[in-house]
Amino acid sequence: MTPLRTPLYEKHVELGAKLVPFAGWEMPVQYEGIREEHAAVRTHAGMFDVSHMGEVEVEGPGALAFLQRVLSNDVASIEVGGAQYSCLCNEEGGVLDDLFTYRLGGDRYLIVTNSANHESDLAWLGRWSHDFDVAVRDVADRYAMLAIQGPHARRVAAGALDISLPPRMAVATARIGNRPALVCGTGYTGEDGVELLLDPEIAPAIWAELLDASVVPCGLGARDTLRLEVCFHLHGNDLSIDRNPIEAGLGWCCDEATGFLGAEAVAKARSEGTVEKLAPFCIEGAGIPRPGNQVVVDGQQVGEVTSGTFSPSLEVGIGMAYLRSDLAEPGTAVEIDVRGKSRPARIASKPLYEKEK
Amino acid sequence: MADASYPDDLLYHDQHDWARLEGEDHAVFGITWYAQDSLGEVVFYDPPEVGATILKDSSYAEVESVKAVSDVIAPLSGEIVEVNDALADSPEKINEDPYGEGWLVKVKLSHADEAGTLLDAGEYRKFLSAE
């Protein structure tokens, strides 16, 4: 299969990006270098082409009741112009995807999916929508998505695009490049910033304007190091159909009282506890953990790394691992088996990287 | 990062390693410009022990970037006589100066005649363009 390309593909090639296959797409993993791009987002402003992510519009008189049924969070608490994070669970509480929902109007919502799950999410939503007076539409082709992130991101984006921005965890309509657009006060880096949902036709011009405004182009490599430093989950690594939100540490975005699909399983996991829990850790000394590495205590395998990398901010190996719940407490000393070498590590609290106030 | 280069005074292994012969039976090893560029910024170098025996075509060390870990393949056989300790604090030298300050190990060769199987700079460049 030929890889899909975002509307910004030519821009990435122009900038000399390293392009890699990702969930069926050809995406930039880095431009100048992951460390530089990572630092730009932590200290100034960086932008990511995340047009590979999917969008699903849910509209109709039954939209709220439908979303309340399929999403783990309390959708009724999202006001018009609001945003909310939640899990999409199956009946057993397994996590099919994690996603943001934006309320665009009284009975109109937009869901942003992970690209690898977009088709299966659509099928799942379509299947459960039959019981509700609601339309579920795949609108992924309608949007290019650009994340602008960093301490200066909001100021630079507002100035360069001449728009006013919604607060954090909110969404607003705007005209960008003389076309309707959505501006979302969300992100995946632990920094302030916005995510823009743009008409694909004008995305290259907007990218160029932001580049002129000194926003640093950043690839998926930096996106991964940034999100892992603040312990944001990556579906496919830290979340899967075999894990429920409680063991993943996402109980905070589950409201079982809404009766969502999987609520019973989630309630059971919450009250009884889980055998394993996802916990962040830092390597003490040399070594970089990678997904699949075993977590070892007293010579016994007690868990497995699901995300691991070198942290450019902390300059050590960091990761997240599912391990026996009694060991998942901050401060616990463990070892990570990194390619046959035992690397001492310590379970930490979230986030691994905290901004200086 | 420096521009692509493959100096003429080195010998090359098709796993993207180089060897600089010194005297009758010594050599310095490192990874090529292509190898460091593919890997991205190196953040960790795990060297072998001095005195370790290494075998041509086998892994003798690891270099790791933010994204990926890579085995380093010995272009020739021998015994490690020195490792580049400076890389512990500044592994980025492997990117900045792969044939100079980014050298990895010095080796006393056990089979100096193996050098005949390696590629010269022109052959390695041709090999890269075919990859």
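The structure this text deals with has already been given above.
Residues numbered from 1 in each chain as written. Chains lettered and ligands numbered in written order. Predicted model: local features only at pLDDT ≥ 70, side-chain atom pairs only at ≥ 80, totals over all residues. Heavy atoms only, no water.

### Section: the overall build of chain A
Within chain A, the regular secondary structure consists of eight helices and 19 strands. Within the span of chain A, comprising 357 residues, buried residues form 58% of the whole. (Helix = DSSP H or I, 4+ residues; strand = E, 2+ residues; numbered from the N terminus. Buried < 20%, exposed > 50% of the residue type's maximum accessible area, 1.4 Å probe, protein only.)

### Here we look at the overall build of chain B
A tally of helices and strands in chain B yields three helices and nine strands. If you list the helices and strands of chain B from N to C, you get β-β-β-α-β-β-β-β-β-α-β-α. Taking 131 residues into account, the globule formula puts the C-alpha radius of gyration at 14 Å, and chain B, at 13 Å, falls close to it. In terms of overall dimensions, chain B has a C-alpha envelope of 35 × 35 × 20 Å along the principal axes. Each of the 131 residues in chain B was classed as buried or not, and the buried ones make up 50%. (Rg over C-alpha atoms; globule rule 2.2 N^0.38 Å.)

### Section: the sheet that holds strand β17 (residues 316–324) of chain A
Residues and elements named next belong to chain A. Read around the closed barrel, the six strands follow the order β14-β17-β16-β15-β18-β19; overall the barrel is antiparallel. Recorded for the sheet is a direction-independent mean angle of 45° between the axes of neighbouring strands. Packing of helix α7 (residues 220–229) onto the sheet brings it into contact with β16 (300–311) and β17, and relative to β16 it is tilted by some 125°. (Pairing = 2+ DSSP bridges. Axes fitted to C-alpha atoms, helices over the stretch in contact; angles between N-to-C directions. Contact = heavy atoms within 4.5 Å.)

### Concerning helix α4 (residues 118–129) of chain A
All names here are of chain A. Under the 1.5 Å per step criterion, the end-to-end length of α4 is 16 Å for 12 residues, consistent within 8% with the ideal 16 Å. Taken together, the buried positions of α4 are H118, D121, L122, W124, L125, W128 and S129. Down the axis of α4, the smallest arc covering the buried residues is 165°, so these residues share one side. Structural note: α4 exposes E119 and A123 on the side pointing more than 90 degrees away from its buried face. (Expected span 1.5 Å × (residues − 1). Arc of directions from axis to C-beta.)

### Examining the sheet that holds strand β7 (residues 69–73) of chain B
All names here are of chain B. Ordered by their spatial adjacency, three strands build an open sheet running β4-β6-β7, and the pairing between neighbours is antiparallel. The sheet is open, and its two edges are formed by β4 (42–46) and β7, each paired on a single side. Strand-to-strand, the axes of this sheet are offset by a mean angle of 25°, without reference to chain direction. The pairing of β4 with strand β6 (residues 59–65) spans four bridges and is antiparallel. Within β6, the residue paired with V42 across the bridge is S65.

### What about the pairing of strand β9 (residues 105–109) of chain B?
Consecutive residues of a regular strand have side chains that alternate between opposite faces of the sheet. Residues and elements named next belong to chain B. The alternating pattern of β9 places V105, V107 and L109 on a buried face, while none of K106 and K108, on the opposite face, is buried. Across four bridges, strand β3 (residues 26–31) lies against β9 in antiparallel orientation. Opposite H26, over in β9, you have K108 as the bridge partner. Sheet topology places strand β8 (residues 78–83) next to β9; five bridges connect them, and they run antiparallel.

### Things to note about the packing of aromatic side chains
A ring pair, where both rings are aromatic, is described by two values, the distance of the centres and the angle of the planes. Considering all chains together, one arrives at 13 aromatic pairs over all chains under this definition. Look at Y12 of chain B and Y124 of chain B: their rings are 4.8 Å apart centre to centre, the planes differ by 5°, and that puts the pair in the stacked class. Of this pair, Y12 of chain B sits in strand β1 (residues 11–13) while Y124 of chain B sits in helix α3 (residues 121–130), and the two are 112 residues apart along the sequence. By relative accessible area, Y124 of chain B is classed as buried at 0%. Taken together, the ring pairs connect Y85, F100, Y102 and W252 of chain A into an aromatic cluster. Stacked on the ring of Y9 of chain A, the Lys or Arg R5 of chain A has its end atom at 4.0 Å from the ring centre. (Phe/Tyr/Trp six-rings, centres within 6.5 Å; stacked < 30°, edge-to-face > 60°. Lys NZ or Arg CZ within 6 Å of the ring centre and 35° of its normal.)

### Side note on the environment of R125 of chain B
Residue and element names in this part refer to chain B. Relative to the helices and strands, R125 is located in helix α3. Sequence separation between R125 and V69 is 56 residues; the distance between their C-alpha atoms is 24 Å. With near-sequence residues (within four places) excluded, R125 lies in contact with Y6 and D8.

Everything listed here is a matter of coordinates, which is why it stays silent on function.
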